[in-house]
Amino acid sequence: MVEWSENERSIISNIFSNLDYNDIGPKALVRCLIVYPWTQRYFTSFGNLYNAEAISTNPKVAAHGIKVLHGLDRALKNMDNIKATYAELSVLHSEKLHVDPDNFKLLSDCLTIVVAGKLGSAFTPEIQATFQKFLAVVVSALGKQYH
Amino acid sequence: MTSLSAKDKDTVKAFWANVAGKEEQIGCDAVSRMLTVYPQTKTYFSHWKDLRPGSAPVRKHGATVMTAVTDAVSKIDDLTGGLLSLSELHAFTLRVDPANFKVLAHNLLVVLATVFPNDFTPEVHVAMDKFLAAVAHALSEKYR
(Lines give C-alpha, C1' and ligand atoms only; values in the text may rest on other atoms or scores of the structure.)
Protein backbone atom coordinates (compact mmCIF):
# COMPACT_ATOMS: atom_id res chain seq x y z
CA MET A 1 0.00 0.00 0.00
CA VAL A 2 1.17 3.54 -0.67
CA GLU A 3 2.26 5.49 2.40
CA TRP A 4 1.63 9.22 2.64
CA SER A 5 3.24 11.42 5.24
CA GLU A 6 1.25 14.26 6.81
CA ASN A 7 3.44 16.67 4.87
CA GLU A 8 2.69 14.95 1.56
CA ARG A 9 -1.04 14.94 2.27
CA SER A 10 -1.06 18.63 3.00
CA ILE A 11 1.04 19.42 -0.11
CA ILE A 12 -1.42 17.57 -2.33
CA SER A 13 -4.42 19.10 -0.60
CA ASN A 14 -2.97 22.61 -0.99
CA ILE A 15 -2.17 22.19 -4.67
CA PHE A 16 -5.70 21.07 -5.51
CA SER A 17 -7.55 23.51 -3.30
CA ASN A 18 -5.76 26.37 -5.07
CA LEU A 19 -6.21 24.95 -8.56
CA ASP A 20 -8.59 26.52 -11.06
CA TYR A 21 -9.90 23.33 -12.68
CA ASN A 22 -11.50 25.27 -15.53
CA ASP A 23 -8.13 26.75 -16.43
CA ILE A 24 -5.68 23.95 -15.66
CA GLY A 25 -7.78 21.06 -16.99
CA PRO A 26 -8.06 22.39 -20.53
CA LYS A 27 -4.43 23.56 -20.54
CA ALA A 28 -3.16 20.11 -19.57
CA LEU A 29 -5.19 18.24 -22.18
CA VAL A 30 -4.43 20.80 -24.91
CA ARG A 31 -0.72 20.48 -24.16
CA CYS A 32 -0.90 16.70 -24.25
CA LEU A 33 -2.63 16.69 -27.65
CA ILE A 34 -0.03 19.10 -29.06
CA VAL A 35 3.14 17.69 -27.49
CA TYR A 36 2.13 14.06 -28.05
CA PRO A 37 -0.04 14.26 -31.16
CA TRP A 38 -0.69 10.53 -31.30
CA THR A 39 -2.94 10.99 -28.27
CA GLN A 40 -5.39 12.68 -30.63
CA ARG A 41 -6.41 9.19 -31.75
CA TYR A 42 -8.86 9.00 -28.87
CA PHE A 43 -10.66 12.18 -29.78
CA THR A 44 -11.71 11.79 -33.38
CA SER A 45 -15.22 12.88 -32.43
CA PHE A 46 -13.95 16.23 -31.12
CA GLY A 47 -13.86 17.89 -34.52
CA ASN A 48 -11.04 20.19 -35.55
CA LEU A 49 -7.68 19.14 -34.05
CA TYR A 50 -5.65 20.02 -37.14
CA ASN A 51 -3.20 22.39 -35.51
CA ALA A 52 -2.18 23.88 -32.18
CA GLU A 53 -4.52 26.85 -32.66
CA ALA A 54 -7.52 24.61 -33.36
CA ILE A 55 -6.75 22.36 -30.41
CA SER A 56 -6.29 25.32 -28.05
CA THR A 57 -9.70 26.77 -28.96
CA ASN A 58 -11.68 23.53 -29.29
CA PRO A 59 -14.53 23.64 -26.74
CA LYS A 60 -14.84 19.84 -26.58
CA VAL A 61 -11.18 19.56 -25.65
CA ALA A 62 -11.62 22.17 -22.94
CA ALA A 63 -14.68 20.48 -21.50
CA HIS A 64 -12.95 17.13 -21.50
CA GLY A 65 -9.87 18.57 -19.84
CA ILE A 66 -12.01 19.81 -16.96
CA LYS A 67 -13.71 16.43 -16.67
CA VAL A 68 -10.40 14.55 -16.56
CA LEU A 69 -8.96 16.87 -13.93
CA HIS A 70 -12.02 16.36 -11.74
CA GLY A 71 -11.31 12.66 -12.10
CA LEU A 72 -8.36 13.28 -9.80
CA ASP A 73 -10.77 14.36 -7.03
CA ARG A 74 -11.46 10.71 -6.35
CA ALA A 75 -7.83 10.12 -5.46
CA LEU A 76 -7.78 13.27 -3.32
CA LYS A 77 -10.68 11.99 -1.26
CA ASN A 78 -9.34 8.42 -0.97
CA MET A 79 -5.59 8.75 -0.73
CA ASP A 80 -5.29 5.60 1.32
CA ASN A 81 -6.98 3.44 -1.25
CA ILE A 82 -6.38 4.91 -4.65
CA LYS A 83 -6.07 1.50 -6.29
CA ALA A 84 -9.59 0.38 -5.37
CA THR A 85 -11.01 3.84 -5.99
CA TYR A 86 -9.97 3.74 -9.65
CA ALA A 87 -10.87 0.10 -10.38
CA GLU A 88 -14.06 1.08 -12.16
CA LEU A 89 -12.39 3.89 -14.16
CA SER A 90 -9.57 1.51 -15.06
CA VAL A 91 -12.05 -0.97 -16.51
CA LEU A 92 -13.72 1.87 -18.41
CA HIS A 93 -10.42 3.06 -19.93
CA SER A 94 -9.47 -0.49 -20.87
CA GLU A 95 -12.70 -2.10 -22.01
CA LYS A 96 -14.67 0.79 -23.39
CA LEU A 97 -12.25 3.59 -24.26
CA HIS A 98 -9.34 1.31 -25.24
CA VAL A 99 -6.74 3.82 -24.10
CA ASP A 100 -3.13 2.63 -24.12
CA PRO A 101 -2.10 3.07 -20.46
CA ASP A 102 1.21 4.62 -21.52
CA ASN A 103 -0.87 7.68 -22.36
CA PHE A 104 -1.74 8.27 -18.72
CA LYS A 105 1.88 9.13 -18.01
CA LEU A 106 1.99 11.53 -20.96
CA LEU A 107 -1.03 13.45 -19.66
CA SER A 108 0.34 13.43 -16.13
CA ASP A 109 3.65 14.91 -17.37
CA CYS A 110 1.74 17.67 -19.15
CA LEU A 111 -0.31 18.34 -16.02
CA THR A 112 2.91 18.62 -14.00
CA ILE A 113 4.29 21.16 -16.46
CA VAL A 114 1.06 23.20 -16.52
CA VAL A 115 0.94 23.30 -12.71
CA ALA A 116 4.64 24.24 -12.67
CA GLY A 117 3.87 27.12 -15.05
CA LYS A 118 1.05 28.27 -12.80
CA LEU A 119 2.93 28.10 -9.50
CA GLY A 120 6.37 29.19 -10.71
CA SER A 121 9.08 28.96 -8.08
CA ALA A 122 6.43 28.02 -5.50
CA PHE A 123 6.46 24.64 -7.24
CA THR A 124 9.57 23.60 -5.32
CA PRO A 125 11.47 20.36 -5.96
CA GLU A 126 9.84 18.86 -2.85
CA ILE A 127 6.35 19.81 -4.01
CA GLN A 128 7.12 18.51 -7.50
CA ALA A 129 8.23 15.17 -6.01
CA THR A 130 5.03 14.83 -4.00
CA PHE A 131 2.81 15.86 -6.91
CA GLN A 132 4.53 13.41 -9.26
CA LYS A 133 4.23 10.65 -6.63
CA PHE A 134 0.49 11.33 -6.40
CA LEU A 135 0.04 11.26 -10.17
CA ALA A 136 2.16 8.11 -10.48
CA VAL A 137 -0.09 6.31 -8.00
CA VAL A 138 -3.20 7.39 -9.94
CA VAL A 139 -1.61 6.36 -13.24
CA SER A 140 -0.72 2.97 -11.81
CA ALA A 141 -4.25 2.48 -10.45
CA LEU A 142 -5.79 3.38 -13.82
CA GLY A 143 -3.68 0.73 -15.49
CA LYS A 144 -4.40 -2.00 -12.93
CA GLN A 145 -7.52 -3.54 -14.52
CA TYR A 146 -6.05 -3.94 -17.99
CA HIS A 147 -5.61 -7.51 -19.09
CA MET B 1 11.91 9.18 -32.72
CA THR B 2 11.33 11.90 -35.33
CA SER B 3 14.03 14.23 -36.58
CA LEU B 4 13.84 17.99 -36.11
CA SER B 5 12.00 19.97 -38.75
CA ALA B 6 13.17 23.42 -39.81
CA LYS B 7 10.30 24.84 -37.75
CA ASP B 8 11.38 22.86 -34.69
CA LYS B 9 14.93 24.18 -35.01
CA ASP B 10 13.76 27.78 -35.41
CA THR B 11 11.43 27.44 -32.43
CA VAL B 12 14.20 26.02 -30.24
CA LYS B 13 16.73 28.66 -31.27
CA ALA B 14 14.27 31.51 -30.75
CA PHE B 15 13.10 30.25 -27.36
CA TRP B 16 16.62 29.44 -26.15
CA ALA B 17 17.60 33.08 -26.62
CA ASN B 18 15.45 33.76 -23.52
CA VAL B 19 17.72 31.54 -21.48
CA ALA B 20 20.76 33.79 -21.90
CA GLY B 21 21.92 35.02 -18.53
CA LYS B 22 19.77 32.52 -16.61
CA GLU B 23 21.75 29.37 -17.45
CA GLU B 24 23.14 28.83 -13.97
CA GLN B 25 19.82 29.38 -12.21
CA ILE B 26 17.98 27.09 -14.60
CA GLY B 27 20.65 24.40 -14.65
CA CYS B 28 20.90 24.36 -10.86
CA ASP B 29 17.13 24.11 -10.50
CA ALA B 30 16.87 21.30 -13.08
CA VAL B 31 19.57 19.19 -11.44
CA SER B 32 18.12 19.91 -7.97
CA ARG B 33 14.73 18.70 -9.09
CA MET B 34 16.17 15.62 -10.76
CA LEU B 35 17.96 14.57 -7.57
CA THR B 36 14.89 15.27 -5.41
CA VAL B 37 12.12 13.85 -7.59
CA TYR B 38 14.13 10.90 -8.95
CA PRO B 39 16.38 9.90 -6.04
CA GLN B 40 17.85 7.00 -8.01
CA THR B 41 19.81 9.60 -10.00
CA LYS B 42 21.82 10.39 -6.87
CA THR B 43 23.72 7.16 -7.43
CA TYR B 44 25.79 8.94 -10.06
CA PHE B 45 26.96 11.59 -7.63
CA SER B 46 28.12 9.61 -4.62
CA HIS B 47 31.43 11.47 -4.90
CA TRP B 48 29.78 14.81 -4.06
CA LYS B 49 29.87 16.10 -0.50
CA ASP B 50 26.49 17.77 -0.70
CA LEU B 51 23.56 16.62 -2.85
CA ARG B 52 21.01 19.04 -1.49
CA PRO B 53 19.07 21.30 -3.88
CA GLY B 54 21.11 24.41 -4.64
CA SER B 55 24.34 23.09 -3.11
CA ALA B 56 27.70 24.08 -4.63
CA PRO B 57 28.29 20.84 -6.57
CA VAL B 58 24.67 20.88 -7.80
CA ARG B 59 25.00 24.49 -8.93
CA LYS B 60 28.29 23.78 -10.69
CA HIS B 61 26.93 20.71 -12.44
CA GLY B 62 23.79 22.56 -13.50
CA ALA B 63 25.98 25.18 -15.14
CA THR B 64 28.04 22.49 -16.89
CA VAL B 65 24.93 20.82 -18.26
CA MET B 66 23.39 24.09 -19.43
CA THR B 67 26.59 25.15 -21.20
CA ALA B 68 26.46 21.85 -23.07
CA VAL B 69 22.78 22.25 -23.97
CA THR B 70 23.39 25.80 -25.21
CA ASP B 71 26.25 24.42 -27.29
CA ALA B 72 23.93 21.72 -28.64
CA VAL B 73 21.48 24.43 -29.76
CA SER B 74 24.28 25.97 -31.83
CA LYS B 75 24.99 22.55 -33.33
CA ILE B 76 21.36 21.72 -33.90
CA ASP B 77 21.96 20.90 -37.55
CA ASP B 78 24.36 18.09 -36.68
CA LEU B 79 23.90 16.90 -33.13
CA THR B 80 25.55 13.52 -33.69
CA GLY B 81 28.72 15.11 -35.05
CA GLY B 82 28.65 18.04 -32.66
CA LEU B 83 28.17 15.93 -29.53
CA LEU B 84 30.61 13.15 -30.48
CA SER B 85 33.11 13.69 -27.70
CA LEU B 86 30.36 14.18 -25.12
CA SER B 87 28.87 10.91 -26.26
CA GLU B 88 32.21 9.19 -25.76
CA LEU B 89 32.47 10.73 -22.29
CA HIS B 90 29.02 9.49 -21.29
CA ALA B 91 29.53 6.07 -22.89
CA PHE B 92 33.00 5.15 -21.70
CA THR B 93 33.68 7.23 -18.63
CA LEU B 94 30.42 8.30 -17.01
CA ARG B 95 28.34 5.35 -18.18
CA VAL B 96 25.09 7.06 -17.33
CA ASP B 97 22.12 4.84 -18.17
CA PRO B 98 20.52 6.64 -21.14
CA ALA B 99 17.09 6.41 -19.48
CA ASN B 100 18.30 9.20 -17.23
CA PHE B 101 18.65 11.64 -20.14
CA LYS B 102 14.85 11.61 -20.33
CA VAL B 103 14.62 12.22 -16.61
CA LEU B 104 16.88 15.27 -16.74
CA ALA B 105 15.06 16.53 -19.85
CA HIS B 106 11.72 16.34 -18.04
CA ASN B 107 13.03 18.34 -15.13
CA LEU B 108 14.55 20.92 -17.45
CA LEU B 109 11.15 21.33 -19.12
CA VAL B 110 9.51 21.78 -15.70
CA VAL B 111 12.01 24.54 -14.84
CA LEU B 112 11.46 26.25 -18.18
CA ALA B 113 7.72 26.20 -17.47
CA THR B 114 8.27 27.88 -14.10
CA VAL B 115 10.71 30.50 -15.43
CA PHE B 116 8.92 31.28 -18.71
CA PRO B 117 5.22 30.63 -18.01
CA ASN B 118 4.08 32.69 -21.00
CA ASP B 119 6.79 31.78 -23.51
CA PHE B 120 6.82 28.04 -22.81
CA THR B 121 3.74 27.45 -24.94
CA PRO B 122 2.63 23.97 -26.07
CA GLU B 123 4.33 24.63 -29.44
CA VAL B 124 7.61 25.54 -27.77
CA HIS B 125 7.21 22.59 -25.40
CA VAL B 126 6.93 20.05 -28.22
CA ALA B 127 9.91 21.52 -30.10
CA MET B 128 12.04 21.54 -26.92
CA ASP B 129 10.95 18.01 -26.03
CA LYS B 130 11.94 16.81 -29.49
CA PHE B 131 15.24 18.70 -29.31
CA LEU B 132 16.18 17.24 -25.92
CA ALA B 133 15.26 13.78 -27.18
CA ALA B 134 17.54 14.35 -30.18
CA VAL B 135 20.34 15.48 -27.84
CA ALA B 136 19.82 12.35 -25.74
CA HIS B 137 19.96 10.24 -28.88
CA ALA B 138 23.22 11.87 -29.96
CA LEU B 139 24.65 11.32 -26.47
CA SER B 140 23.75 7.63 -26.67
CA GLU B 141 25.44 7.09 -30.05
CA LYS B 142 28.70 5.73 -28.69
CA TYR B 143 27.22 3.46 -26.03
CA ARG B 144 27.19 0.25 -28.08
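Residues numbered from 1 in each chain as written. Chains lettered and ligands numbered in written order. Predicted model: local features only at pLDDT ≥ 70, side-chain atom pairs only at ≥ 80, totals over all residues. Heavy atoms only, no water.

A. Main features of the interface of chain A and chain B. At the interface, 20 residues of chain A touch 21 residues of chain B. Between chain A and chain B, the buried area comes to about 1,600 Å², and carbon and sulfur atoms account for 65% of it. Broken down residue by residue, the surface that chain A buries against chain B is led by A:Arg31, A:Ile113 and A:Pro125, which jointly contribute 33%. Between chain A and chain B we count zero salt bridges in total. Applying the counting criterion to the chain A and chain B interface returns seven residue pairs in polar contact (both at pLDDT 80 or more). Put simply, the parts of the chain that give the side of chain A that touches chain B at least two residues each are α2 (21-35), α8 (102-119) and α9 (125-143) of chain A. Tallied by class, the residues present in the side of chain A that touches chain B amount to ten nonpolar, seven polar and three charged. (Contact = heavy atoms within 4.5 Å. Buried area = accessible area lost by both parts, 1.4 Å probe. Salt bridge = Lys/Arg side-chain N within 4 Å of Asp/Glu carboxyl O. Polar contact = N/O pair within 3.5 Å; in protein donor to acceptor, adjacent residues only side chain to side chain. Helix = DSSP H or I, 4+ residues; strand = E, 2+ residues; numbered from the N terminus. Nonpolar A, V, L, I, M, F, W, Y, C, P; charged D, E, K, R; others polar.)

B. The arrangement of helix α7 (residues 122-140) of chain B in detail. Look at α7(B): 27 Å from first C-alpha to last across 19 residues, which is about the 27 Å you get at 1.5 Å a residue. Among the residues of α7(B), those classed as buried are B:Pro122, B:Val124, B:His125, B:Val126, B:Ala127, B:Met128, B:Phe131, B:Leu132, B:Val135, B:Ala136, B:Ala138 and B:Leu139. (Expected span 1.5 Å × (residues − 1). Buried < 20%, exposed > 50% of the residue type's maximum accessible area, 1.4 Å probe, protein only.)

C. Quick look at the UniProt feature "domain: Globin" (unreviewed entry) in chain A. The sites that carry the UniProt feature "domain: Globin" (unreviewed entry) are, in the present numbering, residues 3-147 of chain A. This span, residues 3-147 of chain A, is 70% helix and 0% strand, and a straight line between its end C-alpha atoms measures 26 Å. (UniProt positions renumbered as here; feature names shortened; annotations may be inferred.)

D. A look at the layout of surface pockets. All names here are of chain A. Its volume calculated, the second largest pocket comes out at about 900 Å³. Looking at the lining of the second largest pocket element by element, the count peaks at six residues for helix α4 (residues 59-71). Looking at the lining of the second largest pocket residue by residue, the class counts come to 21 nonpolar, nine polar and four charged. (1 Å grid on protein atoms, 1.4 Å probe; cavity = no way out; pocket = protein on both sides within 12 Å on 5 of 7 lines; lining within 4 Å. Points joined across faces, edges and corners; volume = space filled by probe spheres on them.)

E. The arrangement of the pattern of salt bridges in detail. Going through the model one piece at a time under the given rule, you end up with twelve salt bridges over all chains. Note that A:Lys118 is salt-bridged to A:Asp23, the shortest N-O span being 3.9 Å. A residue pair is termed long-range when its members are at least 10 positions apart, and A:Lys118 in helix α8 and A:Asp23 in helix α2 qualify at 95 residues. Across the pair B:Asp50 and B:Arg52 runs a salt bridge whose closest N-O atoms are separated by 2.7 Å. A network of salt bridges, in which partner residues are shared, links A:Glu6, A:Arg9 and A:Asp80.

F. Expanded view of the nonpolar core. With 66 residues, the main nonpolar core has A:Phe134, B:Leu112, B:Met128 and B:Phe131 as its most contacted residues. Discounting chain neighbours no more than four positions away, the residues touching B:Met128 are B:Val12, B:Phe15, B:Trp16, B:Leu109, B:Leu112 and B:Phe120. (Core = buried A, V, L, I, M, F, W, Y, C linked by side-chain atoms within 4.5 Å.)

G. Structural view of the confidence of the model for chain A. In this model, chain A carries an average pLDDT of 96, and 100% of its residues clear a pLDDT of 70 or more. Taking the mean pLDDT of every element in chain A, the minimum, 94, falls on helix α7 (residues 87-96) of chain A and the maximum, 98, on α2(A). (pLDDT = per-residue confidence, 0-100.)

H. How the structure looks around the packing of α2(A) against α4(A). Residues and elements named next belong to chain A. Running from amino to carboxyl end, α2 crosses α4 at an angle of 110°, the nearest separation of the two axes being 7 Å. In terms of axis orientation, α2 runs roughly perpendicular to α4. Packed against α2, whose contacting residues are Tyr21, Asn22, Ile24, Gly25, Pro26, Leu29, Val30 and Leu33, the element α4 presents Val61, Ala62, His64, Gly65, Ile66, Leu69 and His70 at the interface. Grouping the constituent residues of the contact of α2 with α4 by class yields ten nonpolar, five polar and no charged. (Axes fitted to C-alpha atoms, helices over the stretch in contact; angles between N-to-C directions. Parallel < 35°, antiparallel > 145°, perpendicular 65-115°, else oblique.)

I. Geometry of the UniProt feature "domain: Globin" (unreviewed entry) in chain B. Taken from the UniProt record, the annotation "domain: Globin" (unreviewed entry) applies to residues 3-144 of chain B. Helix makes up 68% of residues 3-144 of chain B and strand 0%, with an end-to-end C-alpha separation of 21 Å.

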